Amino acid sequence: MATDTTITKNVLGVYQPGSAYMVGDGFPVRNLFPSNDLDRAVDPFLMLDYAGPQYFPPTDHPRGVGEHPHRGFETVTIVYEGVLAHRDSTGSGGVIGPGDVQWMTAASGIVHEEFHEKAFATKGGTLHAIQLWVNLPRASKMSAPGYQTILNADIPAVDLDGRGTLRVIAGSYLGQKGPARTFSTIQLYDIQLKAGGCAVVTVPEGDNSSIFVLQGRASANGSREAGEAELIVCERNGSQITIDAQSDSRLLVMSGTPIDEPIARYGPFVMNTREELVQAAQDYQAGKMGHLS
Ligand code: MN
């Protein structure tokens, strides 16, 4: 009997965002997790905030989030519309616009600020972005912090039979490799599909995979149709996901090998134990995560 090693992933469910709230004064977000109690099903991902799309009128005072710390994980910011500016305690900084991605490794500790870029704020415009938190395994939580600016031009785009495009931010797809350097196996794809279009994604067996619908309507492996700001979450077993777009859609596929370690969270810190969270707060207070110059 022939064996087919490609097993279709079952869908755990389709989840809706929590109610909207403001992060700082610049990021009107809806949260998909941890608010849906999906820790085990989305591991190694920790948090998904969907910002906008929302129009901001012109201002002389750029909106955003002032100086704050992180430890124990990575923050990934994907911009669809608008322009964001970042500065951190390692001396890194950057401006990211539509199609660009910022991959910040907080690891042992970083202090940063996130604002609407000055010229964008002055002119006014629509902000549309995602912030995704990626956990680090225990062995890497105290690694040196780092920062990658990944520009639109550096992200390979794969044509999907003339019915769409798949941009490889991290991992690989049909031989195209994403530019993000990651600590564990991660596939992160920005997908646009026309109505009737289809994307077939194969991930390592046992990885946690989910599909976030930013715009349009799409289903995966026979799930119900998910609409704007809904998240399709797959079960761990299996390796293949077939995504069908019922209307013109923009999607984010997130897949990764589960870390399967205890998660202790407190605000901007995500560690393995409560004691490590206390230590993180003390180290921040003592200035050990650095300062913005
Ligand atoms: Mn932050």
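The structure this text deals with has already been given above.
Bear in mind that the values here come from a model prediction, so they are computed numbers and not experimental data. (Residues numbered from 1 in each chain as written. Predicted model: local features only at pLDDT ≥ 70, side-chain atom pairs only at ≥ 80, totals over all residues. Heavy atoms only, no water.)

Colleague: Could you clarify how one ought to interpret the sheet that holds strand β21 (residues 230-234) in this entry?
Modeller: Neighbouring strands of a sheet are bound in pairs by backbone hydrogen bonds; such pairs are parallel or else antiparallel. Read across the sheet, seven strands follow the order β1-β21-β19-β23-β17-β14-β13 without closing on themselves; strand pairing throughout is antiparallel. The two strands at the open ends of the sheet, each matched to only one other strand, are β1 (11-15) and β13 (157-159). Direction aside, neighbouring strands of the sheet carry axes that sit 20° apart on average. When β1 meets β21, the two strands line up antiparallel, connected through four bridges. Residue Val14 lies in a different strand from β21, and its bridge partner there is Ile232. (Pairing = 2+ DSSP bridges. Helix = DSSP H or I, 4+ residues; strand = E, 2+ residues; numbered from the N terminus. Axes fitted to C-alpha atoms, helices over the stretch in contact; angles between N-to-C directions.)

Colleague: Sorry if this is basic, but what is going on with the side chain of Asn208 here?
Modeller: Looking at the secondary structure, you find Asn208 in strand β19 (residues 208-215). Beyond its immediate chain neighbours, meaning those up to four positions away, Asn208 contacts Arg40, Ala41, Val42, Asp43, Arg236, Met254, Ser255, Gly256 and Pro258. (Contact = heavy atoms within 4.5 Å.)

Colleague: I tried to follow the coordination of the manganese ion on my own but got confused; where do I start?
Modeller: For a metal bound by four donors in a tetrahedral arrangement, the ideal donor-metal-donor angle is 109.5 degrees, while six donors in an octahedral arrangement ideally sit at 90 or 180 degrees. Within the protein, the atoms that donate to the manganese ion are His68 (NE2), His70 (NE2), His112 (NE2) and Glu114 (OE), at distances of 2.2 to 2.5 Å. We note that the donor set of the manganese ion lies within a single chain, spaced as H-x1-H-x41-H-x1-E. (Donors = N, O, S within 2.8 Å, 3.2 Å for Na, K, Ca; no water.)

Colleague: I tried to follow the pattern of salt bridges on my own but got confused; where do I start?
Modeller: Once their charged atoms are close, side chains differing in charge can pair, the charge on each being opposite to the other. For the coordinates displayed, the defined rule picks out eleven salt bridges. Here Arg87 ties to Glu113 by a salt bridge, and the two come within 2.9 Å at their closest N and O atoms. Within this pair, whereas Arg87 is found in strand β7 (residues 84-88), its partner Glu113 is found in strand β10 (residues 110-116), the two being separated by 26 residues in sequence. Since its relative accessible area comes to 34%, Arg87 is described here as partly exposed. (Salt bridge = Lys/Arg side-chain N within 4 Å of Asp/Glu carboxyl O. Buried < 20%, exposed > 50% of the residue type's maximum accessible area, 1.4 Å probe, protein only.)

Colleague: What should I look at first to understand the sheet that holds strand β18 (residues 198-202) in this one?
Modeller: One open sheet holds the three strands; their spatial order is β18-β22-β20, and the pairing between them is antiparallel. The sheet is open, and its two edges are formed by β18 and β20 (218-220), each paired on a single side. Ignoring which end each strand starts from, the neighbouring axes of this sheet average 15° apart.

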